[in-house]
Structure formats: C-alpha cells, structure tokens
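Each chain, written out:
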Amino acid sequence: MNAVTDPILTIRDLNKTYAGGFQALKNINLDINEGEIIALLGPNGAGKTTLISVICGIVQASSGSVQVAGFDIVKNYRKTRSMIGLVPQELTTDSFESVWSTVAFSRGLFGKSARPDHIEKVLKDLSLWEKKDDMIMTLSGGMKRRVLIAKALSHEPTVLFLDEPTAGVDVSLRKDMWNIVEELKAAGVTIILTTHYIEEAEEIADRVGVINNGQLILVEEKTKLMSKLGKKQVTLDLTESLTAIPSALCDYSLELSEDGNQLIYTFSTGGDRTGVTALLDDLKLANIHFRDLNTTQSSLEDIFVNLVEESS
Amino acid sequence: MNVYAILAIYKFEMARTRRTLVQSIVAPVISTSLYFIVFGAAIGSRITEVEGVSYGAFIVPGLIMLNLLMHSISNASFAIYFPKFVGTVYEVLSAPVSTVEVVAGYVGAAATKSIILGMIILLTATFFIDIQIEHPIIMLLFVVLTSITFSLLGFILGIWADNFEKLSVVPSLIVTPLVFLGGSFYSTEMLPPFWQSVSLLNPVLYLVSGLRWSFYEIAEVNIIVSLASITAFMLLCFSLVVYMFTTGYKLRS
Ligand SMILES: Nc1ncnc2c1ncn2[C@@H]1O[C@H](COP(=O)(O)OP(=O)(O)O)[C@@H](O)[C@H]1O
Ligand SMILES: [Mg+2]
C-alpha cells in the first residue's frame, strides 16, 4: 500500500465497558489521516476522553483494536506511545517541580535524549520562558494548562491529542495555542482535539467527528458537513402584516412570525436550486411586499445539536 | 530499553527527597539517637551483654532494619500513590515504558534512599558505641536486598491503596509490630520456648538475624536461610508488581 495515503490512526470495532458495567464506547471505527486536524465533538460524558485514553494507553479497551502508523497500541506500545503527545482535560500537574524540570522529565519519560534547545523553543512558544524556574504550584490555571501543553510537545510527537484544550482558558492562551496548532500542522503533525466549543472546530478542524452516548454518529469533512446539513434562512420583513400564509405559497416551507410581520423561508444549502428566486416571483404575484430581507446560515453548532438530538 | 525514562523517574524521585531532606534524613537520625540514649544508655547499663555483645551494639542491626523497612515502604508507596491521587500518573501510563523500567525508576530511587539512610544510621550509631562488622560485604548485601524488597512491597501498597489510611496502616500496624517482635531489641533466646517457636513465623526475624550475623556472627537462624528468604520474598514482590502493572490493576481502568 502507498504509505502516503495510509491513515496514521486506525480504530476498529473499539468497545470499552468500565468495571461498573457502563459501556462508554460502542463499536467505534475511525481512520485519521496523517497531518489533518480532526475535532471530536460531543456533549459531556459522550466518551471522548475515554476514546483518547484508550489510544494513549491509559485505559484498556474491552475489545477492538487501534493502530498508530500501522503499529498496534498493545503489542507495539513503545512505538505508538512515543509518537503520541497528550494534553489531558484535567489540570493534573506536579506541584513542587519547576516548569523546566517537569517538561524535561516528560521528554526523558518518552525516551528522548535531552535537548534543551527544543524545550526552550516550546517554553518560548507558550510564553512560559520567564516562568521556567518557577514552582508549578505558584502558577495560575492558564499557566498550568500551558505547562501541560509544553510537556506534551517536549518529546516532539507526530500525533497530538488535545482534550478540551480551551475549556476555561483565556483569550491569549487560545491565540497562542492556535498558533502552535498551525505551526504543528505545517510540520505534518496530526492533531486530534475534543471540544465543547463548536466555533473552535469550525475555525480550525479539517474534519469533524460527532460522538454521543459512546457512538461515533458521523465523521465528515467540515465544509461538506456544513453544506450537507447546514440550513439557510431568509427572513422577510413585510410592509403589511399577514394573518396566514396565502395558499399560493404553500409549496414553500414558510413560517409566519407570531405578529404576522415576518415571513421566514428555510432551505438546505446542499441543494442546487434554492428556490429563493421563485419564491420572490410568487410573492410579487400574491401581492405581498417586503421592506427588508435578511439571511442567516446555521452554524456547526445548530448542526451538532440537531445530530445529537436525533441520535438520542 | 528506555534508559532515559528510568533516569527521568529516578532523578524526579531523588529531587523529591532533596526537597524533603529533613523528613527523609534528619528525622530518622534523631529518632535513632533517642533509641541509643533510651535503650543503649539507660536500659543497656542494666543489661550488660547479650550473647557476648554489649546491648547497645546488639540493637544496631535491629535499628537499621527498622529504618530500612519503614522508609522503603513509605518512600516507594508514596512515590506511586501520590501521582495516582493527583492524576499525574496519566503521563507514566501513556509513556513508552515497560513495567520493569517504571519499577527500576521508582523502586531504584526508594531503595537508594533507604540504603543511604541505613548507612547514616550506622554512622550515627558509631557516635554512641564501638561497632565491629565481621562481614561488611554480606552486611551491604543484606541492606541492599532488604531495601529493594521492601521498596517493591511499598510500591505494591501504593498501587493498591485508594486512600491515605490504607497507605499508613501497613507500615504502622503490620511492619512496626513485626520489627519489634522480630528480635530487633532482644534475643529470642530470652523468650520462653513457646514464644521462641512463634517468633520463627515472623519474617522480619530472618532479616534482623541475618544482618546481625554479618555484624557479630550471632544469629537466630542460619545466614543462608536468611539470605534465601529475603531473595525469595524479593522475587515474590517483583512478580506481584509485574502482574499488577501488566494487568493494569488499579492503575488502568
Ligand atoms: N473510570 C471510569 N469508571 C467508570 N465510568 C467512567 C470512568 N471514566 C469515565 N466513565 C464514564 O464514561 C462516560 C464517558 O466519559 P468520558 O469519556 O470522560 O466522556 P467525555 O470526555 O466525552 O465527557 C461517562 O458517563 C463517565 O461517567
Ligand atoms: Mg472528557
């Protein structure tokens, strides 16, 4: 097979049932391509962290398999784990260590020889350089998050997991983080992130996967997803209010606002013909006039909410 | 072999010791000195000799054993319990390290601390009494084997414990009594025959006896038996750690 097109991560029939009997992952199948940014969206408790934890070796799968660059995560754990960097969801850091030593520790733990120049670059990129000798305990939450990112990048991973990286994070860290993500992507690093913030996925992901109740509901390129499932609305502010939608217009999926002053037309962005022109012609024929016209497009958020509601 | 990982864990643990130097070194030295003042000087002046050795000198191997056991267990158990407790253990679990490497790092560091501590206690003792060591190599071997074995035991305890209570219960409720009843501060020959036989069921007796033999060539059980039992116990603990880590017991849900 051609190495370029082989996925970097292959998940097959993956199941996880926790000791208490709760099934957190249900038959997950997913291929992730080298160098892409994939966002896993899903409500709390959907199984995102569990999925990441299985791939990283923190949680044992109940059945199924995961391969990283063709290596099995159980049989060849040394190979797969040394390729992976993980920024966990929780702020779990040492307390009494200095920033520098905890980051250097991570690099060693992942089997890499010391490279102070690399650690220096990582710390500078994350605006941690001034804090390098500070005890982690003395840092703010945002700074601790940066330390966790630095630890994950210390051993130059080719696959990076960011588990809800921006939850409770300030604007400057978000900016720094997306700069780093861009830079890593340019260097060919594959990035898998989970998030609640759909704007985030909209902003940076190439593909989006939606998880709910332990199931991967869909995986789609972001742009395709939005055109396939996205909806547009045209709102017309009428010059004279209506009491009901005229029968001449009943072929269109129209809605009349409560006060009768607005007509709302909803259509799918995926179709070739939107029907807007025909609607406007028919409005004229029906002698309905409008003062103003607004269009809105559904965001990934609306799509996501619809999907999750449908699946549960 | 991920040597960088072993070194990283080892250095991390040794740095932790340096931060808690008072607790790790100074406290045991003070308590040892107190033992000598109370047992050696006050009581020892009434008990002249035990099996041909002055009482103060007689208790030195027992004191060293007591410290090795307590500190090996508490150091190693805390080393793994704490990361588990605060969550930082995720990093070790997701790292490309084998069980043997993780154990080498954590247990190696805990054992190193215990060995250093044992030597410091020996040194402290020389300020109070004259000590001759008949078999220094065997003495060192015993100290090293005991430190490694009980650090392994501590590691097992740290993985198993899911609260601080469990963590402290083993050293204080099991190890301390075993050490005190294991002939650390008396010869079992001073006991009635029945209790002499019961004492032979105490594993710590074999350790104290072996270490004392390396000092003064006096022993309750044959030195070979002592060496064999500590080695067997070490292998048992090691197998248990490997089993726990490989199956993910209490570490990987
Ligand atoms: N160690 C565990 N034992 C039992 N259940 C767990 C454990 N960890 C997570 N869960 C459960 O599995 C589900 C998925 O959790 P998680 O993967 O953390 O979801 P997410 O990251 O999408 O919020 C939740 O219902 C959670 O309560
Ligand atoms: Mg989560």
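Residues numbered from 1 in each chain as written. Chains lettered and ligands numbered in written order. Predicted model: local features only at pLDDT ≥ 70, side-chain atom pairs only at ≥ 80, totals over all residues. Heavy atoms only, no water.

## Some points on the sheet that holds strand 5 (residues 71-72) of chain A
All names here are of chain A.
Then comes step 1: What the four strands build is an open sheet, ordered 2-1-4-5; its pairing is antiparallel. What marks the edges here is a single partner per strand, and that holds for strand 2 (23-32) and strand 5.
Then comes step 2: Where strand 4 (residues 63-68) meets strand 5, two bridges bridge the pair, whose relative direction is antiparallel. Bridge pairing links Gln 67 to Asp 72 in strand 5.
Then comes step 3: Where helix 1 (residues 48-56) meets the sheet, its contacts fall on strand 1 (9-17), strand 2 and strand 4, and the angle it forms with strand 1 comes to roughly 115 degrees. (Pairing = 2+ DSSP bridges. Helix = DSSP H or I, 4+ residues; strand = E, 2+ residues; numbered from the N terminus. Contact = heavy atoms within 4.5 Å. Axes fitted to C-alpha atoms, helices over the stretch in contact; angles between N-to-C directions.)

## Notes on the domain arrangement of chain A
Then comes step 1: Taken domain by domain, chain A consists of domain 1 (9-226) and domain 2 (231-298).
Then comes step 2: Here the C-alpha centroids of domain 1 of chain A and domain 2 of chain A sit 45 Å apart. (Domains from an automatic or database assignment.)

## Description of the interface of chain B and chain A
Then comes step 1: In this complex, chain B contributes 27 residues to the contact, which on the side of chain A involves 28 residues.
Then comes step 2: Taking both sides of the interface into account, the surface hidden between chain B and chain A amounts to around 2,500 Å²; carbon and sulfur atoms contribute 58%.
Then comes step 3: If you sort the residues of chain B by the area they bury against chain A, B:Tyr90, B:Glu91 and B:Pro96 come out on top, with a joint share of 27%.
Then comes step 4: Where chain B meets chain A, there are three salt bridges.
Then comes step 5: Residue B:Arg19 is joined to A:Glu97 by a salt bridge in which the shortest nitrogen-to-oxygen separation is 2.9 Å. (Buried area = accessible area lost by both parts, 1.4 Å probe. Salt bridge = Lys/Arg side-chain N within 4 Å of Asp/Glu carboxyl O.)

## Some words on the nonpolar core
Then comes step 1: In terms of nonpolar packing, the biggest core is built from 145 residues, with A:Leu9, A:Phe161 and B:Phe155 touching the most fellow members.
Then comes step 2: Among the elements that make up this core, the one with the highest residue count is helix 3 (residues 55-86) of chain B (15 residues).
Then comes step 3: If you look at the next biggest cluster of nonpolar residues, it comprises 13 residues, including A:Val234, A:Leu254, A:Tyr265 and A:Ile288. (Core = buried A, V, L, I, M, F, W, Y, C linked by side-chain atoms within 4.5 Å. Buried < 20%, exposed > 50% of the residue type's maximum accessible area, 1.4 Å probe, protein only.)

## Overview of the site of ligand 1
Then comes step 1: As a matter of local geometry, ligand 1 sits amid A:Tyr18, A:Phe22, A:Ala24, A:Pro43, A:Asn44, A:Gly45, A:Ala46, A:Gly47, A:Lys48, A:Thr49, A:Thr50 and B:Ser253.
Then comes step 2: Between an oxygen atom of ligand 1 and a main-chain N or O atom of A:Gly45, the distance comes to 2.7 Å.
Then comes step 3: Within the contact set of ligand 1, an oxygen atom lies 2.8 Å away from a backbone nitrogen or oxygen of A:Lys48.
Then comes step 4: Considering ligand 1 on its own, with 560 Å² of exposed area, one finds that the protein chains cover 65% of that surface.
Then comes step 5: It is helix 1 of chain A that provides the largest number of residues to the shell around ligand 1, a total of three residues.
Then comes step 6: Of the residues in the shell around ligand 1, the class split is five nonpolar, six polar and one charged. (Near = heavy atom within 4 Å. Polar contact = N/O pair within 3.5 Å; in protein donor to acceptor, adjacent residues only side chain to side chain. Areas by Shrake-Rupley, 256 points an atom, 1.4 Å probe, with all protein chains shown as cover. Nonpolar A, V, L, I, M, F, W, Y, C, P; charged D, E, K, R; others polar.)

## Examining the pairing of strand 1 of chain A
All names here are of chain A.
Then comes step 1: The sheet contact formed by strand 1 and strand 2 spans six bridges and is antiparallel. Looking across to strand 2, one finds that Leu 9 is bridged to Ile 32.
Then comes step 2: Hairpin connection between strand 1 and strand 2: a loop of five residues separates the two successive antiparallel strands, and Gly 21 in this loop has a positive phi of roughly 105 degrees.
Then comes step 3: Pairing of strand 1 with strand 4 involves five bridges; the strand directions are antiparallel. In the strand pairing of strand 4, Asn 15 is matched with Ser 63.

## With respect to the side chain of B:Ser147
Residues and elements named next belong to chain B.
Then comes step 1: Mapped onto the secondary structure, Ser 147 falls in helix 6 (residues 136-160).
Then comes step 2: For Ser 147, a relative accessible area of 0% gives the class buried.
Then comes step 3: Apart from the residues within four sequence positions on either side, Ser 147 is in contact with Leu 68, Ser 72, Ala 111, Ser 114 and Ile 115.

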